[in-house]
Amino acid sequence: MKLLLLFCTLLATVIPAPSNPDQAPSWDAQWIWQPETGPANAWVAFRKKFTPKTIPEQVTARIATDTKFWLWINGNLVVFEGGLARGPSPARPWDRKPEMWKLPPATKPTDSWYDDVEISDYLKPGENTIAILVWYWGRETHKGMHIDSGQGGLLFEADVAGQRIVSDASWKALQHPAFGFDIKIDENVVAYPVKFDARKALGDWTDAAWQQPGFDSDAWPAAVAKGKPPVAPWYRPVMNPVPRLVDYGLKDYPADPEAGFPFVSDGTEIRCNLPFNKQITPYLDVEAEAGQEIFITTDNRLNRITATYITRAGRQAFESYSWMNGHTVIYQIPAGVKVFGLKYRWQSVGEMAGSFSCDDPFYQRLWEMGRNTLFVCARDNFMDCPDRERALWIGDVADQAGYLFYLMDGSGRALLRKAIYSTMAFSDKGVFGALGPLRIRELPSQSLQFISQGVWQYYLNTGDKETLRYAYPYAQDYLALWKFSHNGLPIMRRSGSSDSWDWYDWGVKDTEDKEVIQCALYYQALAAARTMAMELGETRDVAGYDKRLASIRAAFEKAYWQDGYYSSKPGKLQDDRANAAAILAGLASPEQAALIVKRVLIPNHYCSPHFEWMVEEAMCQAGFPREALDRMKTRYATQVKRKDLTTLYESFPNGGSYNHAWNAPNSVLAKCISGIVPTKPGWTEFAVKPQPLHLASLQQTVPSVRGEIHFALRRDAHCSTLTLQCPAGTTAIVGLPLDRGPIARVTANGTVIWDSGRAVPGLAGVTALGADATHLSFQTSPGDWKFEATN
């Protein structure tokens, strides 16, 4: 092991330093741990006392751990679950160095993350106590986004009025004896269940707990210094790119057990319902004899994380730190145990910033279920589901990218940025893995989606050119892997080994028209890459893209069109996925798209939710929004009607996990029904062109990178009122719907701007753009606007 670490250290010297020094600052602190490197699933407690004379208004502590940490200062909880699963960082693009791929995954020189934590409010003149609990995972899974360093560790540094507080051998460190580390684990989820024996706890749950200043840790062993950054196996700590989780604190369940608190358990399981399916850590406050075993799980049949608590004698409290999810938390408490309280803690990636409402309760509830699904599938990374795998499948992330910008704040945008860096950084010979760094497994369909729906959507919604510039060469390399046939179409990339999988979708078996799907997705990705090249000024690449795009356009209809797009006889495959992809790619003419909707997309419901939003968006793009909403209602009806369900299933009507990331009906409601989309990168210009159909009212808040956009539309038989708050630095293209016939008169903020088919000039900040088949449009400057239109 020592030779291996030395080898990694030598390799680190050939890795270029970060281009941005702020991402990897110098450190005075040492990585510290106990003498051994682990063990896996170890919980190690650290303590440090120091005595400042004064406390500045601002004190920033830098903390890095492998893997997670909880921080208390003077007995007060400061951070509940800090840290981030280890993975590639933008500071170390070692992925293009072939020599690195000769190393096993765990020995690659992967940087660690650090958190900045403001602590001045928790400090006081005189003696202060820092207590940190570090949870070292110490393993990897083939479906995980965590790269094990092989060594647990803590790095801490802060400057308090000139006094440097750094992690070193002066700290105390003890593996927490109450946490069981040799427990049954699941191979798909890298985190562990928790087993805690309170009879071995460090102090009790009151002022004598080990986190409290009065606790005596003099007999604890001294921490062992493991080296100053950059040092193997953690290398350079880089700032955590995702803001810390929002901690909503310990909350009562919406309805207490019927007996009320306190009560004595009769041994039957206690079911506590959550407001909706969310990521939680369960809590209990009980009085018991020593040795009683309490088991905590959820109603989620796929749940891999549980908690087992063994009581000490007397009153005690416990919170399990390994998060789980579900609609109901289930406590199995032995008979005779007195229960004083049951609570839960919810944490989320950012706030639920976006909103949607309408006067049709079906779509209102479906939106909320989609929102809940997105949030329960985001933490250290975007994941396919929070129970079975917690894996970053890039096709699922591409689906999430379609609607996260309508629901999540800056934390969500940062998490998508991390997904882009993580995916691209672990590419190999042009292929970026569809599942993360530990196994470069190519899924062509998901990789193509990630380019057009992931990377491009990220840039369009953020204007982050730095990330686009980082990702573009990888997208370019991947698209170059396709060879073209003599017929002018790209040759399909098929499964050739265990590291390639030409999977496209669940859904009805043997209905995928894979050849058409892959060709259409490749065309979309090419078009996206061409636009990226133009944005980045890489004009020399454009001719190559144009040549391939033109070749596909010329050959696609000839090869596949048979009153729909089919790679074989229409009687064999009439795939809603393939035909929707062709529409979204722009390969179908308006007349062909209309025919596809009528002959394929309305009658055929083959796809899973992974493609369903694309089918519905294609229907809207083809001019059939009403039929798209009808299809949405048909497909999701079974789930929406279930009042006990608050997230969306992996498959229709209710298969697989009940909280799967690729459900994106919110994307269709936001983009096609509210009609709010960015038209220039970073929302500097955006369109608001609603298609309300049967809806009398629509409201939406979009947490754009430029600021919140507030939109509302109300209609009666003769008048439509559209209000819009347009953030500073933006321009809006506002479209008033023409589905009820021509608009006779329009006022903006009380001034007439359109009358009898003509623009009426004179109001600053509004310019008439004229009418097309669906909307009468105006361009507005920033500010608050109220449009009233009469027929």
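All of these numbers come straight from a predicted model, not from anything done at the bench. (Residues numbered from 1 in each chain as written. Predicted model: local features only at pLDDT ≥ 70, side-chain atom pairs only at ≥ 80, totals over all residues. Heavy atoms only, no water.)

*Asks:* Help me understand the overall build of the chain, please; the structure alone is not making it clear to me.
*Replies:* When you go through the chain residue by residue, the secondary structure sums to 13 helices and 36 strands. Here the C-alpha radius of gyration of the chain, 28 Å, is about what a compact globule of 791 residues would show, namely 28 Å. In terms of overall dimensions, the chain has C-alpha extents of about 85 × 60 × 55 Å along its principal axes. Here the chain, with 791 residues, has 61% of them falling under the buried criterion. (Helix = DSSP H or I, 4+ residues; strand = E, 2+ residues; numbered from the N terminus. Rg over C-alpha atoms; globule rule 2.2 N^0.38 Å. Buried < 20%, exposed > 50% of the residue type's maximum accessible area, 1.4 Å probe, protein only.)

*Asks:* Would you mind going over the pattern of salt bridges with me for this structure?
*Replies:* Proximity of charged atoms lets side chains of opposite charge pair with each other. Considering all chains together, one arrives at 35 salt bridges under this definition. In this structure, R388 engages E650 in a salt bridge whose closest nitrogen and oxygen atoms are separated by 2.9 Å. Residue R388 is located in the loop between helix 2 (361-376) and helix 3 (394-401), and its partner E650 is located in the loop between helix 12 (625-640) and helix 13 (665-673); the two are separated by 262 residues in the primary sequence. Assigned by exposure class, R388 and E650 land together as buried. Salt-bridge contacts for E685 lead to K680; the nearest nitrogen and oxygen are separated by 3.9 Å. We classify E685 as buried; its relative accessible area is 16%. Look at the salt bridges and you will find they share partners, linking D505, D575, D576, R577, E612, R631 and R635 into a network. (Salt bridge = Lys/Arg side-chain N within 4 Å of Asp/Glu carboxyl O.)

*Asks:* Would you explain the sheet that holds strand 4 (residues 68-73) in this entry?
*Replies:* Strand pairs in the sheet, formed through backbone hydrogen bonds, run parallel or antiparallel to each other. Pairing is antiparallel across the open sheet formed by five strands, whose spatial order is 5-4-7-2-10. In this open sheet, the two strands that pair with only one neighbour each are strand 5 (76-82) and strand 10 (172-175). Shown here is a sheet whose adjacent strand axes are inclined to one another by a mean of 15°, direction ignored. (Pairing = 2+ DSSP bridges. Axes fitted to C-alpha atoms, helices over the stretch in contact; angles between N-to-C directions.)

*Asks:* Can you walk me through the layout of surface pockets in this structure?
*Replies:* Here the largest pocket is characterised by a volume of approximately 940 Å³. Surrounding the largest pocket, 30 residues form its lining, Q457, L584, E617, Q621 and K671 being those nearest its centre. Among the elements of the structure, helix 5 (444-462), helix 7 (514-536), helix 11 (609-621), helix 13 and strand 25 (676-678) are those that each provide at least two residues to the lining of the largest pocket. In terms of residue count, helix 5 provides more of the lining of the largest pocket than any other element does, five residues in total. Here the lining of the largest pocket is composed, by residue class, of 14 nonpolar, 13 polar and three charged. (1 Å grid on protein atoms, 1.4 Å probe; cavity = no way out; pocket = protein on both sides within 12 Å on 5 of 7 lines; lining within 4 Å. Points joined across faces, edges and corners; volume = space filled by probe spheres on them. Nonpolar A, V, L, I, M, F, W, Y, C, P; charged D, E, K, R; others polar.)

*Asks:* Sorry, what's going on with the sheet that holds strand 26 (residues 685-688) here?
*Replies:* If you walk across this open sheet you meet the five strands as 25-26-30-35-34, and the pairing is mixed. Pairing within the sheet leaves two strands with one partner each, and these edge strands are strand 25 and strand 34 (766-771). Geometrically, the sheet is characterised by an average inter-axis angle of 20° between neighbouring strands, direction not taken into account. Here strand 25 runs beside strand 26; their pairing, made up of three bridges, is antiparallel. Residue P678 lies in a different strand from strand 26, and its bridge partner there is F686.

*Asks:* How do you make sense of the nonpolar core when you look at a structure like this?
*Replies:* Nonpolar side chains in soluble globular proteins tend to end up buried together. L416, F556, L601, L724, V746 and F787 are the most contacted members of the largest nonpolar core, which totals 159 residues. With 14 residues, helix 7 is the single largest residue contributor to this core. (Core = buried A, V, L, I, M, F, W, Y, C linked by side-chain atoms within 4.5 Å.)

*Asks:* Teacher, can you tell me more about unusual backbone geometry here?
*Replies:* Most peptide bonds adopt trans geometry, and most residues besides glycine take a negative phi value. Following G38, the chain continues to P39 via a peptide bond in cis, the omega torsion being 0°. D66 connects to T67 through a cis peptide bond whose omega is 25°. Here T67 lies in the loop between strand 3 (60-66) and strand 4. Phi at A161 takes a positive value of approximately 50°, unusual for a residue other than glycine. In this structure, A161 sits in the loop between strand 8 (153-160) and strand 9 (163-166). For D510, which is not glycine, the phi dihedral falls at a positive 60°. Relative to the helices and strands, D510 is located in the loop between helix 6 (465-479) and helix 7.

*Asks:* Which parts of the structure should I look at to understand the pairing of strand 30 (residues 731-737)?
*Replies:* On any regular strand, side chains alternate: one points to one face of the sheet, the next to the other face. The buried fraction of strand 30 is high, at six of seven residues. The pairing of strand 26 with strand 30 spans four bridges and is parallel. Along strand 30, the bridge assignment pairs V688 with V734. Relative to strand 35 (residues 775-780), strand 30 is paired through six bridges, and the arrangement is antiparallel.

*Asks:* Honestly, the packing of aromatic side chains in this entry has me stumped. Any pointers?
*Replies:* For any pair of aromatic rings, geometry is given as the distance between the ring centres together with the angle between the planes. Summed over all chains, the structure comprises 48 aromatic pairs. Ring pairing ties together the aromatic residues W43, W70, F80, W135, W137, F179, F196, Y309, F318 and Y321, which thus form one cluster. The positively charged end of R315 is found above the aromatic ring belonging to F340, 3.8 Å away from the centroid. Here the basic side chain of R345 rests over the ring of F80, its NZ or CZ set 4.0 Å away from the ring centre. (Phe/Tyr/Trp six-rings, centres within 6.5 Å; stacked < 30°, edge-to-face > 60°. Lys NZ or Arg CZ within 6 Å of the ring centre and 35° of its normal.)

*Asks:* I'm lost on helix 13 in this one. Help?
*Replies:* Note on helix geometry: an α-helix contains 3.6 residues per turn, so any two residues three or four positions apart are oriented the same way. Taken across its nine residues, helix 13 has nine buried, putting it largely inside the fold. Of all the residues in helix 13, the buried ones are P665, N666, S667, V668, L669, A670, K671, C672 and I673. G675 occupies a position one or two residues after helix 13 and carries a positive phi of about 75°.

*Asks:* Looking at this structure, I do not really get the packing of helix 11 against helix 13. What am I missing?
*Replies:* For any two helices packed against each other, one specifies the inter-axial angle together with the distance between the axes. Relative orientation of the contacting elements helix 11 and helix 13 amounts to 15°, with a least axis distance of 9 Å. Looking at the two axes, helix 11 sits roughly parallel to helix 13. Crossing angle aside, the handedness with which helix 11 passes helix 13 is right-handed. Note on element contacts: helix 13 touches helix 11 through S667, V668, K671 and C672, opposite W613, E616, E617 and C620. Partitioning the contact of helix 11 with helix 13 into residue classes produces four nonpolar, one polar and three charged. (Parallel < 35°, antiparallel > 145°, perpendicular 65-115°, else oblique. Left-handed = near helix turned anticlockwise from the far one by under 90°. Contact = heavy atoms within 4.5 Å.)

*Asks:* For this particular structure, what's the right way to read empty space enclosed by the protein?
*Replies:* Here the idea is plain: a probe the size of a water molecule rolls over the atoms and shows the empty space left. In the structure shown here, the tally under the stated rule is six cavities of 30 Å³ or more. For the largest cavity, the calculated volume is near 240 Å³. Looking at the largest cavity, it is lined by 22 residues, and the ones nearest its centre are W137, V190, W323, D380 and R390. When the residues that make up the lining of the largest cavity are grouped by side-chain class, the tally is ten nonpolar, five polar and seven charged. Of the residues that constitute the lining of the second largest cavity, the class distribution is four nonpolar, three polar and six charged.

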